[in-house]
Amino acid sequence: MHCRMQAQQYQQQRRKFAAAFLAFIFILAAVDTAEAGKKEKPEKKVKKSDCGEWQWSVCVPTSGDCGLGTREGTRTGAECKQTMKTQRCKIPCNWKKQFGAECKYQFQAWGECDLNTALKTRTGSLKRALHNAECQKTVTISKPCGKLTKPKPQAESKKKKKEGKKQEKMLD
């Protein structure tokens, strides 16, 4: 009787081992199939390469001359599913629009005043361009020199303002 129980246990262990072995084979086959599926995906991407690169228009603000807006993109290609699309964009409001709303420049300090023209100038070098915008590498800007007299020290002007306010209060 003891031998018969051992034989039954041995058969149960063999069945469990066979089931585990079959499960292992099944998992290997599933992984191999999944890897084969992954190898096919790059071929699909090759078809998409028939499409041309996206060409983007300039960002057009929704209102005003800066802030949130949209731009349109187009591309060519016979196999392309999508040849036009619209994208949200933003034109920073603190950038100099004079040189293109999508070009940012790093400016040097203002130069000395040219007495002949009464203008002072400074040069800026391109710091950043949004969305592959065509920007000049360097730009120059000029502005009027303003008054050539020495400015008054601020401490004196503040005292005068305070005294004026005190006198106004006394009159009221």
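A brief look at the structure comes next. (Residues numbered from 1 in each chain as written. Predicted model: local features only at pLDDT ≥ 70, side-chain atom pairs only at ≥ 80, totals over all residues. Heavy atoms only, no water.)

## Considering the state of the cysteines
Then, number 1: Tallied over the entire structure, the rule returns four disulfides.
Then, number 2: The disulfide bridge from Cys51 ends at Cys80, spanning 1.9 Å between sulfur atoms. In this pair, Cys51 is assigned in the loop between helix 1 (2-48) and strand 1 (55-56) and Cys80 in the loop between strand 3 (67-74) and strand 4 (84-91), connecting sequence segments 29 residues apart.
Then, number 3: On the basis of relative accessibility, which here comes to 14%, the residue Cys51 falls in the buried class.
Then, number 4: The residue that forms a disulfide with Cys59 is Cys89, at a sulfur-sulfur distance of 1.9 Å. Given an S-S torsion of about 90°, the disulfide between Cys59 and Cys89 has right-handed geometry. Note that Cys59 is positioned in the loop between strand 1 and strand 2 (60-61) and Cys89 in strand 4, a separation of 30 residues in sequence. (Disulfide = S-S within 2.5 Å. Helix = DSSP H or I, 4+ residues; strand = E, 2+ residues; numbered from the N terminus. Buried < 20%, exposed > 50% of the residue type's maximum accessible area, 1.4 Å probe, protein only.)

## Thoughts on the sheet that holds strand 6 (residues 119-129)
Then, number 1: Taken together, three strands build an open sheet; the order of strands is 5-6-7 and the sheet is antiparallel. Strands at the two margins of the open sheet, each flanked by one partner only, are strand 5 (103-107) and strand 7 (138-144). Recorded for the sheet is a direction-independent mean angle of 40° between the axes of neighbouring strands.
Then, number 2: Taken together, the seven bridges between strand 6 and strand 7 define a ladder with antiparallel strand orientation. Each residue of the ladder has a partner; that of Leu119, found in strand 7, is Pro144. (Pairing = 2+ DSSP bridges. Axes fitted to C-alpha atoms, helices over the stretch in contact; angles between N-to-C directions.)

Everything listed here is a matter of geometry and, on its own, says nothing about what the molecule does.
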